[in-house]
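Close look at the chain arrangement
Read off the chains here:
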Amino acid sequence: MAKAEIQNSIRKLRFEHDEMTQQQLADRVGCSRQTIVLLEQGRYAPSLALALRVARTFEQSVDEIFQLQE
Amino acid sequence: MEATASWMVPMLGAVAVLGAIALYSAYGVWGRRARLTAEERSELAAAPMPKLQKRALLSTAVGLITLGALSAILTTYGAAEYWDNDDLRLTVVGIFIAGMALHVGLLTAMVSPLWSEESQFDERDRQVLAQAPAVQTGLVLLTLAAWNTSLVTRFHDQGAVPTVYLYLIFGTVVLVSLIGHSVGIVVGYWMGPRFGES
């Protein structure tokens, strides 16, 4: 099976939400700032629970924020 | 001499196999490391280390200092002197227990958030923690292999290994096991970005 990459628009969404900092987002979704950094870089694929918390924070659906690129 | 050569063949073969496994594992870890760009790396470095990573680095340092101090004393005085000299034995046991207590304290502080309701661990921390025993097991096996090879080589002709080495094997395996767990966490963060990759 081809390796899949998960891209996301978290960085863009943060800036659109009053320039929310990485730490503020991390506190809201319950993870470390390092995890947010890696998520934004597309270097870390989150669990479904974390993806749902990020989506809830930005009031969007998961597939609007995360895109699977094969 | 011929008898010595005959038992050394399987012994050296086993050591070669273990060494090859260790090298292959290290190569695998190196190959799977995160390949971040300089910009990504600096952005990651700007974010504070997770508590688990900080405590793992600290407990690795404590463990290595303890192991280094004990190795230096035992290398200087020798195993026989350690066995015969009560003061030396008490010093070694004291350092061992103090180092262990400090390390176990740090280890408890490291994993205790797992049991609290307001966990300070996120999912990446938990993945790193779950994979740490792989490194720990490898280091313990290598320690046992090193003891086995060196003692058999050293005492084969006498046909018996002095009792003191049983204590030393026990002590080093316990210490290496504790250090190995912390090293596993440190390595896990180093490789970190790959965890959870689809």
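Preceding this paragraph is the structure being described.
Structural notes, computed from the coordinates. (Residues numbered from 1 in each chain as written. Chains lettered and ligands numbered in written order. Predicted model: local features only at pLDDT ≥ 70, side-chain atom pairs only at ≥ 80, totals over all residues.)

**Observations regarding helix α2 (residues 22–29) of chain A**
Residue and element names in this part refer to chain A. Here α2 has its buried residues at Q22, L25 and V29. Along the long axis of α2, the arc covered by the buried residues comes to 65°, so they all point the same way. Considering only its buried residues, α2 is in contact with α1 (10–16), α3 (33–40) and α4 (48–57). Residue G30 follows α2 closely and has a positive phi angle near 75°. (Buried ≥ 20, exposed ≤ 12 C-beta atoms within 10 Å, placed from the backbone. Helix = DSSP H or I, 4+ residues; strand = E, 2+ residues; numbered from the N terminus. Arc of directions from axis to C-beta. Contact = placed C-beta atoms within 7 Å.)

**Focus: the packing of helix α3 (residues 51–77) of chain B against helix α7 (residues 164–191) of chain B**
All names here are of chain B. Their axes nearest at 8 Å, the elements α3 and α7 cross at an angle of 145°. Relative to α7, the crossing made by α3 is left-handed. Contacts between α3 and α7 involve L52, Q53, A56, L57, S59, T60, G63, L64, T66 and L67 on the former and, on the latter, L175, L178, I179, S182, V183, I185, V186 and Y189. By residue class, the composition of the contact of α3 with α7 is twelve nonpolar, six polar and no charged. (Axes fitted to C-alpha atoms, helices over the stretch in contact; angles between N-to-C directions. Left-handed = near helix turned anticlockwise from the far one by under 90°. Nonpolar A, V, L, I, M, F, W, Y, C, P; charged D, E, K, R; others polar.)

**Some remarks on the interface of chain A and chain B**
With 18 residues of chain A in contact, the opposing surface of chain B contributes 15 residues. Take the side of chain A that touches chain B: its biggest share by element is five residues, from α3 of chain A. Along the lines of polarity and charge, the residues of the side of chain A that touches chain B split into nine nonpolar, seven polar and two charged.

**Notes on the packing of α2 of chain A against α4 of chain A**
Each packed pair of helices is defined by two parameters, the angle between the axes and the distance between the axes. Residue and element names in this part refer to chain A. α4 packs onto α2 with a crossing angle of 115° between their chain directions and a minimal axis gap of 9 Å. Judged by the sense of rotation from one axis to the other, the crossing of α2 with α4 is right-handed. Seen from α2, the contacting residues are L25, R28 and V29; seen from α4, they are L50, R53, V54 and T57. Here the residues of the contact of α2 with α4 sort into four nonpolar, one polar and two charged.

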